[in-house]
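Chains, contacts and geometry: an overview
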Amino acid sequence: MPTSAPSIFSSFDVVHYEGPDTQNSLAYRWYDADRIVLGKPLQEHLRPAIAYWHSLALTGADPFGSATIDRPWMREQDAMTGARMKADAAFDLFRVLGVPFFTFHDRDITPEGADLNSGLKNLHEMADYLEEKMQGASVGVLWGTANTFAHPRFMAGAATNPDPEVFAFSATTVKHCMDVTKQLNGQNYVLWGGREGYDTLLNTSLRRELDQLGRFLNLVVEHKHKIGFRGAILMEPKPKEPTKHQYDFDVATVYAFLQHYGLEHEVKLNIEANHATLAGHSFEHEISMAATFGLLGSLDINRGDLLLGWDTDQFPNNLLDTTLAMYEVIRGGGLGTGGLNFDAKIRRQSIESEDLIHAHIGGIDLCARAFLNAAKLVEGKQLPEVVEQRYANWNEEYAQSMLRGNLSLEAIAADAEKKNLNPKPRSGRQEWIENLVTRSLF
Ligand code: XLS
Ligand code: CA
Ligand code: CA
């Protein structure tokens, strides 16, 4: 039964595109969902999604203080009634912002049960409730996932736990979350490593833990095929936090892991901006690495604070960084079944419901504007041509035979000595190129 009271978002008008000159702060300036860019509507390139955990479950508590964000469903005595109130508010928020997707963990949509089976019962009950609500709404699931990191039982990992019962508990949880994601027609299923890592090697068997994680991922892939889930399975790299060292450190580490366990053709990646910078990379580097190996799945959009060394998950506001990221998305062939999930949270002092709406408007508008910039750079052809010309000599026959492996080191040396090669350095033209990008921002 839907709860009858209006939600904290129900009184807001639907946010529309009004163009860059509007004075209305509750309007989109750049996110013109139907505008055709590079052959298809902007919305189909971006596929924005609202993250249930940050938007509906956030309390603002931090290690120094208690909750600041007070939502009516958090005060509800009956946990399942609270979960339904939260879902009602969520669907109001989706409608107001006009986003096509949302993402969730099992623990965001349902309370923890007294034991495994009662928790699973709650999950299926809420999945049915969400399915019903989705029938009257124009929002879908970008991805679902399992929270196998918050409860103390997972403190030493889920799949990588030294206790096989935790492995089995986690496998059961993920199985049901995958089933529910399929039921809700989810476009992807995500696995972020949570506590899959270690705090000290002194109590850890790396070999065992990696083998456990490899087996776990293989089980997930087998189940995907068994139930006929057509979406992608996505791993989400993160270098540290909560553990000192996470096994899914960055794109390159996960690619090595997938190859080692025979999964590189089955699993793609969900790449988060803040995780990229925590790993010492730029977001665009991680996107480009993933695209290079055919692993580009979906993006978690947010930003960190370069003066802080942790995952602040702020809403993004840097147009240059986001333009560079969108440029690599386009170069990488787009996001396919993926999208832009706003894995971002309002600050602890942003306690009004309106703050959450401004946050998403800003983030979605930023990505739209960045995508338009990037599309302009692609269409302008100057940037792609620079790269083309820079490597043009590799298209020649001799260069190609070096690449194909037709020539040994000895043969290459003999030819080079015969020609007495004297290659001339050429400008990389970085400043000219960077000016092209900077000009696209204004
Ligand atoms: C945490 C992660 C997490 C995943 C989903 O840092 O970003 O929220 O995206 O479990
Ligand atoms: Ca994330
Ligand atoms: Ca994060």
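One can find the structure itself at the top, above this paragraph.
The following paragraphs examine the structure supplied in this document.

Scoring rules and cut-offs
Residues numbered from 1 in each chain as written. Chains lettered and ligands numbered in written order. Predicted model: local features only at pLDDT ≥ 70, side-chain atom pairs only at ≥ 80, totals over all residues. Heavy atoms only, no water. Donors = N, O, S within 2.8 Å, 3.2 Å for Na, K, Ca; no water. Phe/Tyr/Trp six-rings, centres within 6.5 Å; stacked < 30°, edge-to-face > 60°. Helix = DSSP H or I, 4+ residues; strand = E, 2+ residues; numbered from the N terminus. Buried < 20%, exposed > 50% of the residue type's maximum accessible area, 1.4 Å probe, protein only. Lys NZ or Arg CZ within 6 Å of the ring centre and 35° of its normal. Core = buried A, V, L, I, M, F, W, Y, C linked by side-chain atoms within 4.5 Å.

Distances from the calcium ion (ligand 3) to its protein donors, namely Glu-272 (OE), Glu-272 (OE), His-275 (NE2), Asp-311 (OD), Asp-311 (OD) and Asp-313 (OD), fall within the range 2.4 to 3.1 Å. Positions of the donor residues of the calcium ion (ligand 3) along the chain correspond to the pattern E-x2-H-x35-D-x1-D.

Moving on: the packing of aromatic side chains. Tallying each qualifying case throughout the model produces 14 aromatic pairs. For the pair Phe-315 and Phe-342, a centre-to-centre distance of 6.4 Å together with 15° between the ring planes defines the contact as stacked. Of the two residues, Phe-315 sits in the loop between strand E11 (296-300) and helix H12 (319-331) while Phe-342 sits in strand E12 (residues 340-342), which places them 27 residues apart along the sequence. Grouping residues by exposure puts Phe-315 and Phe-342 together as buried. Through pairs of rings, three or more aromatic residues link up here, namely Tyr-52, Phe-91, Phe-94, Phe-102 and Phe-104. When the ring centre of Tyr-398 is taken as reference, the NZ or CZ atom of Lys-419 above it lies at 4.2 Å.

Soluble globular proteins tend to bury their nonpolar side chains together. Judged by nonpolar contacts, the single largest core of 104 residues is most densely connected at Tyr-52, Phe-102 and Leu-299. By residue number, the principal contributor to this core is helix H13 (residues 353-379), which donates 13 residues. Ala-51, Leu-142, Val-190 and Leu-234 belong to the second largest nonpolar core, which has nine residues in total.

Shape descriptors only; they carry no functional weight alone.
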